[in-house]
Structure formats: structure tokens, C-alpha cells
Amino acid sequence: MAGRTLATLRSSYEYPDATRIFADLAADVQIMRDALSPQDLERLVGIGLAAPTFIHGSIERIGGPPEQVELWRSIDVAARLAAATGLPTDWFNDGSAACWAEILAQPLPRPTTFAYFQVGTFVGAGIVMNGALWEDPSGNAADLGSIIVAGADGAPTYAHMVASLNALDRRLTEAGMRRPRGFPQEWDWTALEPVASAWIDEAGRALATAVLSTRAMIDIEKAVIDGVIPRSILARLLERTTHYLAQIPDLVRPRPRVEPGVQASSAAATGAAQLYLYRRYFSRSWHLLVT
């Protein structure tokens, strides 16, 4: 199930525009199909689509207009992309998909139980229990970004509001600065100082709280933290997370260790593709549903 990536296309936008994004995705899919050899094209079975579970709930938070909220509220994203491309499409929560990719990328023997955090626009997440991805009917079982943490002012808030790139964006705006255009891995992060350092510190503290809160419910072996950020920034974030974990005394069980992920920004897309193939060809529960 490791797979080999044949092509990658990436676009950045202020918010997903429901009136055009499916046409844009279909155009990207066609570019990839045109580049496939006849043999590979015959093996194309469908699309694994990774996206947040409740897109409409976050549109205004990332600067989208109110009318987009209503558009996204009623959209079946898998059905829309299937109609635009003519290919069968399965939707997966982006955090769960990224976590699945991380499961397969872990060296043998793979850990059986761990928590996964993906720092992006918000904080995607997933949980592996007894070697299996933990899911529920909504696909959003492990919304660890909604764990309550302390904000900069000490008031309770969600980890999404502290440890995400959306939180960094708000900090930059408050400082009279603008978020760079393009993909976060390609930003000039030195130009974002001192705001970036303050965000890294606060995000590390929030993630430490989220890791321990997860450990209180599930006996995770470790927490894997990754994101759509440069590896150097991820290393600083892990250092801050480990620092704040060490400041919280042990109660009964020792703290879980914290490690970087290995899939980086490609995790959600890779995991969605892998999950599509797994459920189509290997998952017993999927075959029981369709027979």
C-alpha cells in the first residue's frame, strides 16, 4: 500500500470558492490523466478526496464571504467532484487521511496506538487505536484541534485557534503584517519575525496540552506532529511542544513522546488515495457493504 506518486499539482487560494473549485480540480485531474501512459490510465480506478468535514463552519474564519457558507453547507463534495471528472470519488476527512498516510509510512514494527496532529489552516488530526484508524460516521472522530487549551490571554479556546496557520495569520494582521502568498513551505519565514516565533511558542504550548488531554482518554504511545510548514519550522514547533510537556508534572502515566511526521504537506492527499484503494480492494467491511 505504499504507492508511488506519479505527479503532483498544487494551488493556493484565500478560501475554497464553491462556484469554481470543482471545475479547477477537474482541470487538474485532466492534466494528470493526459500525462499518464496508456497502461497507467487503464489502472485508474477513482479519486480519493481529502477535505475538512464541516467546510462551511470555517469559511468566514478564513476570510470567505457569507454566501460561501451557505453554498458549502449543502454540497456533497465527493458527488460534485465525481460529476466534474467522471471518476468515482470517495471523500475522507483530511486529518484522518493524513493520519492513515502516516500509519503506512511508519517503520516496522509500526506503533499500534498514537495520536496525529497536522498543522495547516486549522489543526487536522487522527487517532490510531490497536493498529486501525479510528473513524465515526461523520469521518471526524478525532477532532483533536477542538481540545480546549489556554489562549495567549489565558482564556479557554480551541487548539485550532492557537496552533494553526489561521492563528498565525491573525497574529500577523494584528501586527500590521500580511501573510505571504503561496504555499507556507515556500514562505520567507524570517520576514515574519518576531510574530512567527511568538506563534511557534504559543502553538507548542497548545499542542502540549492537546497531547496530554488525548493521553488522558487514550493510552497513546506517542504523538506525531506534522504540517504544511517547512521542516525547520516544524522542528522548532516540536521543541516548544516538548518543552511545555516537560513542564507539566506526571500524574499516573508518563508523558507520550513527541515525534515529527514523515509525510509532511502531502499527507492528506496521499492518505486519501491510499484509503480509496484500501477500501476498494482490501477492506473486508467495504466489501460487506457493497455485496
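Looking at an unreviewed UniProt entry, one finds the protein named ROK family protein and attributed to Devosia neptuniae. Recorded in UniProt under Sequence similarities (unreviewed entry), the annotation for the protein is "Belongs to the ROK (NagC/XylR) family."

The next thing to look at is the packing of helix α8 (residues 195–217) against helix α9 (residues 231–247). Relative orientation of the contacting elements α8 and α9 amounts to 55°, with a least axis distance of 7 Å. Classified by the angle between their axes, α8 and α9 sit oblique to one another. Considering only the axes of α8 and α9, their crossing is right-handed. Between α8, through Ser197, Trp199, Ile200, Asp201, Ala203, Gly204, Arg205, Leu207, Ala208, Val211 and Leu212, and α9, the contact on the second element is made entirely by Ile233, Arg236, Leu237, Arg240, Thr241, Tyr244 and Leu245. In terms of residue class, the contact of α8 with α9 is built from 11 nonpolar, 3 polar and 4 charged.

Once that is clear, we can look at the sheet that holds strand β9 (residues 257–260). The 5 strands lie next to each other as β5-β4-β3-β8-β9, forming an open sheet whose pairing is mixed. Among the strands making up the open sheet, the edge pair consists of β5 (132–133) and β9. Two strands pair when backbone bridges link them, and strand β3 (residues 114–119) and strand β4 (residues 123–129) are joined in this way by 6 bridges, in the antiparallel orientation. Among the inter-strand pairings, phenylalanine 114 is bridged to a residue of β4, identified as valine 128. Lying over the sheet, helix α5 (residues 94–105) contacts β3, β4, β5 and β8 (222–227), oriented at roughly 50° with respect to β4.

Packing of helix α7 (residues 165–174) against α8 leaves a shortest axis separation of 10 Å and a crossing angle of 140°. For the element pair α7 / α8, the angle class is oblique. Considering how the two elements wind past one another, α7 and α8 form a crossing that is right-handed. Packed against α7, whose contacting residues are Leu165, Ala167, Leu168, Arg171 and Leu172, the element α8 presents Val195, Ala196, Ala198, Trp199 and Glu202 at the interface. Residue composition of the contact of α7 with α8, grouped by class: 8 nonpolar, no polar and 2 charged.

So, about the confidence of the model for the protein. Per-residue confidence for the protein gives a mean pLDDT of 89; residues scoring 70 or more make up 95%. Throughout residues 286–291 the model reports pLDDT below 50, and contacts reaching past four residues in sequence, or to other chains, amount to 6 contacts.

Definitions and limits used
Residues numbered from 1 in each chain as written. Predicted model: local features only at pLDDT ≥ 70, side-chain atom pairs only at ≥ 80, totals over all residues. Heavy atoms only, no water. UniProt positions renumbered as here; feature names shortened; annotations may be inferred. Axes fitted to C-alpha atoms, helices over the stretch in contact; angles between N-to-C directions. Helix = DSSP H or I, 4+ residues; strand = E, 2+ residues; numbered from the N terminus. Parallel < 35°, antiparallel > 145°, perpendicular 65-115°, else oblique. Left-handed = near helix turned anticlockwise from the far one by under 90°. Contact = heavy atoms within 4.5 Å. Nonpolar A, V, L, I, M, F, W, Y, C, P; charged D, E, K, R; others polar. Pairing = 2+ DSSP bridges. pLDDT = per-residue confidence, 0-100.

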